[in-house]
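Residue-level listing of the chains:
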Number of protein chains: 2
Amino acid sequence: MKKVDIVLVGFGNVGREFVRLVIEKQEVIRQRHGLDLRFRTIFRTTGSLMVKSQSPIEGILAGTIPPGREAALWNPAVRLPQVLAPGARGVLVECASSDIRTGEPGLEIIRTALSRGWHAVTADKGPLVAGLGELRKTAARKGLTLGSSGAAGAALPALDVGLRSLAGTEITAVEGILNGTTNYILTRMGQGASFDQALRAAQARGIAEPDPSYDVQGLDTAVKLLLLANAAMGLCLGLGDIDIEPVTRVSRRRIETARRRGQKIKLLGKIQRGPRGVRAEAKLRALGPSHPLFGVDGTDKGVTFTTDTMGAVTVTGGKSDPRGAAAALLKDIINIYVR
Amino acid sequence: MKKVDIVLVGFGNVGREFVRLVIEKQEVIRQRHGLDLRFRTIFRTTGSLMVKSQSPIEGILAGTIPPGREAALWNPAVRLPQVLAPGARGVLVECASSDIRTGEPGLEIIRTALSRGWHAVTADKGPLVAGLGELRKTAARKGLTLGSSGAAGAALPALDVGLRSLAGTEITAVEGILNGTTNYILTRMGQGASFDQALRAAQARGIAEPDPSYDVQGLDTAVKLLLLANAAMGLCLGLGDIDIEPVTRVSRRRIETARRRGQKIKLLGKIQRGPRGVRAEAKLRALGPSHPLFGVDGTDKGVTFTTDTMGAVTVTGGKSDPRGAAAALLKDIINIYVR
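About the thresholds
Residues numbered from 1 in each chain as written. Chains lettered and ligands numbered in written order. Predicted model: local features only at pLDDT ≥ 70, side-chain atom pairs only at ≥ 80, totals over all residues. Heavy atoms only, no water. Helix = DSSP H or I, 4+ residues; strand = E, 2+ residues; numbered from the N terminus. Rg over C-alpha atoms; globule rule 2.2 N^0.38 Å. Buried < 20%, exposed > 50% of the residue type's maximum accessible area, 1.4 Å probe, protein only. Contact = heavy atoms within 4.5 Å. Areas by Shrake-Rupley, 256 points an atom, 1.4 Å probe, with all protein chains shown as cover. Lys, Arg positive; Asp, Glu negative; His and termini not counted. Charge placed at Lys NZ, Arg CZ, Asp CG, Glu CD. Pairing = 2+ DSSP bridges. Axes fitted to C-alpha atoms, helices over the stretch in contact; angles between N-to-C directions.

So, the overall build of chain A
On a plain count of helices and strands, chain A comes out with 13 helices and twelve strands. The C-alpha atoms of chain A give a radius of gyration of 21 Å, which matches the 20 Å a tight globule of 339 residues would have. Across its three principal axes, chain A shows a C-alpha extent of roughly 65 × 45 × 40 Å. For chain A, the proportion of its 339 residues judged to be buried stands at 58%. Residue pairs at least 24 apart in sequence account for 71% of intrachain contacts in chain A once pairs closer than 6 positions are excluded. Here chain A has roughly 13,900 Å² of accessible surface; of this, 49% comes from carbon and sulfur atoms. Charged side chains of chain A number 47 positive and 31 negative; the gap between the two group centres comes to 2 Å.

Next up, the structure:
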């Protein structure tokens, strides 16, 4: 049985779901993979929780501990570097919400972990957009793993396929329907709704944020496309290299014309290597039934990789809620230790 | 730079394509993955070729060496155990065509490799159907890898997803369109052809064998389903556990009825864990547009995994020719050495 210490940073929706999932799966993972996963410390903005076997972590998750008593469990004096003592190797799980341009605070958190010989897995896009190259180099130099499935597709195994399943191929293009919110809106519009009706329906179901601009402006699609393409195609693109068309620009007429032709309008992220260099965009495109992503409707997502020796390979589906992201973090951890 | 010795057994379509691919990709794999892939010996039924730097292997592949001179290059006296000397570690690539029931000769070949401390990758279904459990146990005990992507889906990364991308989940069902020949026939029938017309069209394009029974009787679908489910769901099913419906039984009327309802008839392999145990079948099913495999037409293949924590994840596509299988073997080799 291999003991794996986990330090978690970030105790929002995904962080909490991750703790819940590890507790739930602990016994199965012991039996099936020979890994004994144990939380060492959990950090949230208001302090750190030193997890001991008698810590009332289930009570915290369930919200059954009175707020006053709970606050006393979190110690604001403990800092990350103390916990990541060199030699006490394990995995740092990063679930902060970092700035997409500076990458902070996630970038510094992951840097600290790798520099102390800890593996890192993250569900946070910021540090990967801002510093993927640097972090991967550090990890490789130290023989450590940086797992980023949780940030790039979550339960949709886009990175696994791009990095491992297509190893040895030349990936000439990556195309994806990468944002569930806009895909839901476009699917509803294809069924006759206006943009405003579709957005309100998405908000009513908790699919769209009260301020939906990050999604509907196409930024989330561009960020995920960037993570995938930079990792799988070995590129170093920044957000400014992607030509972005907001979903707000789509007209009922364009949707209707596509429908009459048997097509669907999708927000398609696409990076393509061509004779005149790399072209990157996140734009509204009409897809016909022969396109491998044609059937990806509602909140579903999907990615198609075009390669030289394996043809086109597509992955679709995978839960896009906090539980799916938590499951992706757990998957990355298992794959660090088990071949 | 890590030197990786390769011993290849089987020099048919896939074996030859694999040699061609490795020669073509050698330099890129050196640069990108730090692996120096080198053939040590190639075995075919008529003898073994000891590969030295001056071996005219390109000439053999191109068929430009006179038959008499070529025959002299293959030495029938060299046996596999001699070449797989313990200590001279590397990868055995198994491309024989083994019997689906006994698993031989592939089973004994892979057993020999693992027992001598060599990793093994295979494009041969026989040894996996007959002896997956035994071979995986041996590999695990010795810290070796048994790569079987080439046999189960080839360029379609079904095993990678089932084993790695879904690690930590409970896979409750595996469904797949797993045979390109029958899917091509059913697609053509959906466009109005009769079974005989569709089969003849497939044979004319080299998609169906002159004797198509292994495909159209549903056996190939059942075998691939078995490999996937036994590996990813941890089952130990045999071919006799799968309820198989031959494609020859489909009527024009059934195809036509489905078409009028907006559905398609597909040969669907399915293994499902239910309250009353495991149900396994390879049967003709009508799929509607909301099914994730609905768009998998022609010679394409696809697999959907249903899980507890990640929802349903689908992979589709991937070349199903010898080049796709060769690329899958190469991918498995890279992933043995590179994380």
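Still to come is the rest of the account.
Some thoughts on the sheet that holds strand β11 (residues 302–307) of chain B
Spatial ordering of the open sheet is given by β8(A)-β10(A)-β9(A)-β7(A)-β11(A)-β12(A)-β12(B)-β11(B)-β7(B)-β9(B)-β10(B)-β8(B), a layout of twelve strands whose pairing is mixed. Two strands in the sheet have a free side with no partner beyond their single neighbour: β8 (243–244) of chain A together with β8 (243–244) of chain B. Along the sheet, helix α7 (residues 158–165) of chain A contacts β7 (171–177), β11 (302–307) and β12 (312–317) of chain A; its crossing angle with β11(A), the most-contacted strand, is approximately 15°. Those strands touched by helix α8 (residues 180–190) of chain A are β7, β9 (264–274) and β10 (277–287) of chain A, and its axis lies near 135° from that of β9(A).

A short note on the sheet that holds strand β2 (residues 35–44) of chain A
Residue and element names in this part refer to chain A. Taken together, six strands build an open sheet; the order of strands is β3-β2-β1-β4-β5-β6 and the sheet is mixed. Single-partner strands in this sheet number two, and they are β3 (47–50) and β6 (146–147). With four bridges joining them, strand β4 (residues 90–94) and strand β5 (residues 119–122) adopt parallel strand pairing. Within β5, the position partnered with L92 by the bridge is A120. The strands touched by helix α5 (residues 106–115) within the sheet are β1 (2–9), β4, β5 and β6, with β4 carrying the most contacts at an inclination of about 180°. In the packing of helix α13 (residues 322–337) onto the sheet, contacts are made with β1, β2, β4, β5 and β6, and the angle to β5 comes to roughly 155°.

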